[in-house]
Amino acid sequence: MEISDDQIIERTLAGETDAFSLLVRRWERPIYGLSLRMLGRDEDARDVCQETFLAAFRNLRKFRGDAKFSSWLYRIALNACHSRMRKRGNVVEQSIDLEDDEGPRFELADDSAELMPERMQRDQLATQVRKALHALPPEMRQVIVMKEYEELTFAEIADILAIPVSTVKSRLYTGLQQMRARLEKLRTAL
Amino acid sequence: MNNTNRNQFACDRKEDLVTYLYGEATAAERVLFERHLNECDDCGAELKAFGRVRDDLGAWQFGFAPRTEFVPPKTKMDVVRELIGMFPVWARGLAMTGAAAAVVLMALSVLGNRTGVSNSTGLTEQQVQEIVSKAVADERAKIQQQYQAEFASFKTQFVAEHQAQLQSVTAEHQAKLETVKAGLRAEIKKANQQNGSLRSFFAVEEDRSYPWGDSR
């Protein structure tokens, strides 16, 4: 049977500091994924990952057992993401300006969409999704990322963000609406 | 945006819609919302559209997560311990004695200030100073003794190490010298032999050149 997060925390607090590496291995992928989708850059996501685990280790004694360790970790990671976004003025790597009258920035030659290999189409779609997601306000983006990619429940997201479940649902609804509008506009432009 | 606003105004069941969309509705909620979907085209269209958005979102995946290198940071105590470990025993002792003396002095000065001439032990300030001075002097002497012992031990070790090295180098050079000497002796012997031969040769020549015994 796999050792639980709480058991690892107990061992770490008892002085077995190397045990914390087990938590790092277990949670590094979700934390990296969350950071990458929030910030859009691998380098930033790696840094946030490091910061998150370091902060968690330093503040492990403050962690209350009544919450899930993962929720606490997600909260630390999101705070680190927000702090990074504030520092760089929430500049999106290359945002999609949907209000641009000059037309779309993606251009395909003739009927290449049909001829384009499936992999390329998927990559292009991934790029559009990434840009559309990054054009969303962070409070909507984080809810979509946590729900869609991290597959957290509404209650878990509400707990992490310390907001009511109804607010989570409302932000998710608005976020999906905006994503739909952006993606549909891009699709028709292609 | 007009399209979305129209939906929002037409039907205000957005929370039910996302709950249903992500499969978090209870059985009863599901039945109720499905009944609503039969009556509300806007919600049906929105549900389908959101389903497509979710499919699109699924296109953005990443292959691997880089490994996070995590080294547990050192506590302040660890750092202090390491720092202390870097100094020799005598320096550690000196620092600790100094710190202890400073604490004692501070404590006593506070007590002295509070009570005037004497403190709770009934000692005068001068007596306290004498006691502290004696304690510091004793500790200093002890540290000095310890330092001298450490130095002597280091010196012995140093000399022993270098003595062995010196002996080894001397023996090596001695052996080389002996070889050179032997070579030289052999050369001298050879030269002497050649010299002897030459002498006897010239002696014969001399006899032959001057048969009359003219000594010139």
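Read on for an overview of the structure. Given the structure is predicted, the values throughout are model-derived calculations rather than measurements.

### Remarks on the overall build of chain B
Piece 1. Regarding its fold elements, chain B presents seven helices and zero strands.
Piece 2. From first element to last, N terminus to C terminus, chain B shows the α and β order α-α-α-α-α-α-α.
Piece 3. Looking at chain B as a whole, 7% of its 216 residues qualify as buried.
Piece 4. Partitioning the intrachain contacts of chain B with sequence separation of at least 6 by distance along the chain shows that 56% fall at a separation of at least 24.

### Some words on the packing of helix H2 (residues 20-39) of chain A against helix H4 (residues 69-87) of chain A
Relative placement of two packed helices is described by the angle separating their axes and the distance separating the axes.
Residues and elements named next belong to chain A.
Piece 1. At their nearest, the axes of H2 and H4 sit 10 Å apart, and the two run at 30 degrees to each other. The orientation of H2 relative to H4 falls into the category roughly parallel. H4 is crossed by H2, and the crossing has right-handed handedness. Side by side, H2 and H4 meet where Trp27, Ile31, Leu34, Ser35, Met38 and Leu39 of the first sit next to Ser70, Leu73, Tyr74, Ala77, Cys81 and Arg84 of the second.
Piece 2. Partitioned by chemical class, the residues of the contact of H2 with H4 number nine nonpolar, two polar and one charged.

### Details of the interface of chain A and chain B
Piece 1. Taken together, the contact pairs 36 residues of chain A with 24 residues of chain B.
Piece 2. Where the side of chain A that touches chain B is concerned, the elements lending two or more residues are H2, helix H3 (42-58), helix H6 (118-134), helix H7 (138-149) and helix H9 (165-189) of chain A.
Piece 3. Broken down by element, the side of chain A that touches chain B gets its largest block of residues, eleven residues, from H9 of chain A.
Piece 4. Among the residues forming the side of chain A that touches chain B, the class breakdown is 18 nonpolar, eight polar and ten charged.

### A look at the environment of Phe69 of chain A
All names here are of chain A.
Piece 1. Its location among the elements puts Phe69 in helix H4.
Piece 2. For the pair Phe69 and Leu23, spaced 46 residues apart in sequence, the C-alpha separation works out to 9.6 Å.
Piece 3. Not counting residues within four places of it along the chain, the set of residues in contact with Phe69 comprises Asp5, Asp6, Ile9 and Phe63.

How each quantity is defined
Here, residues in each chain are numbered from 1, in the same order as that chain's written sequence. Both sets of labels track the order of writing: A upward for chains, 1 upward for ligands. With pLDDT at 70 or above as the cut-off, local features in this predicted model cover only qualifying residues; side-chain atom pairs require 80 or more to be listed or tallied, and sums for whole chains, interfaces and linings still use all residues. Think of it this way: any DSSP run of H or I at least four residues long counts as a helix, any run of E at least two long counts as a strand, and we number them from the N terminus. Between the buried cut of 20 or more and the exposed cut of 12 or fewer other C-beta atoms within 10 Å of a residue's own C-beta lies the partly exposed class, and all C-beta atoms are placed from the backbone. Our contact criterion uses C-beta atoms placed from the backbone: two residues qualify when those atoms are within 7 Å. In this analysis, axes come from line fits to C-alpha atoms, helices being fitted only over the stretch in contact, and the angle between any two N-to-C directions falls in the range 0 to 180 degrees. The cut-offs work like this: below 35 degrees is roughly parallel, past 145 is roughly antiparallel, 65 to 115 is roughly perpendicular, and the gaps in between are oblique. Throughout, a crossing is termed right-handed when the near helix is turned clockwise from the far one, and left-handed when it is turned anticlockwise from it by less than a right angle. Amino acids are sorted into nonpolar (Ala, Val, Leu, Ile, Met, Phe, Trp, Tyr, Cys and Pro), charged (Asp, Glu, Lys and Arg) and polar (every other residue, Gly among them).

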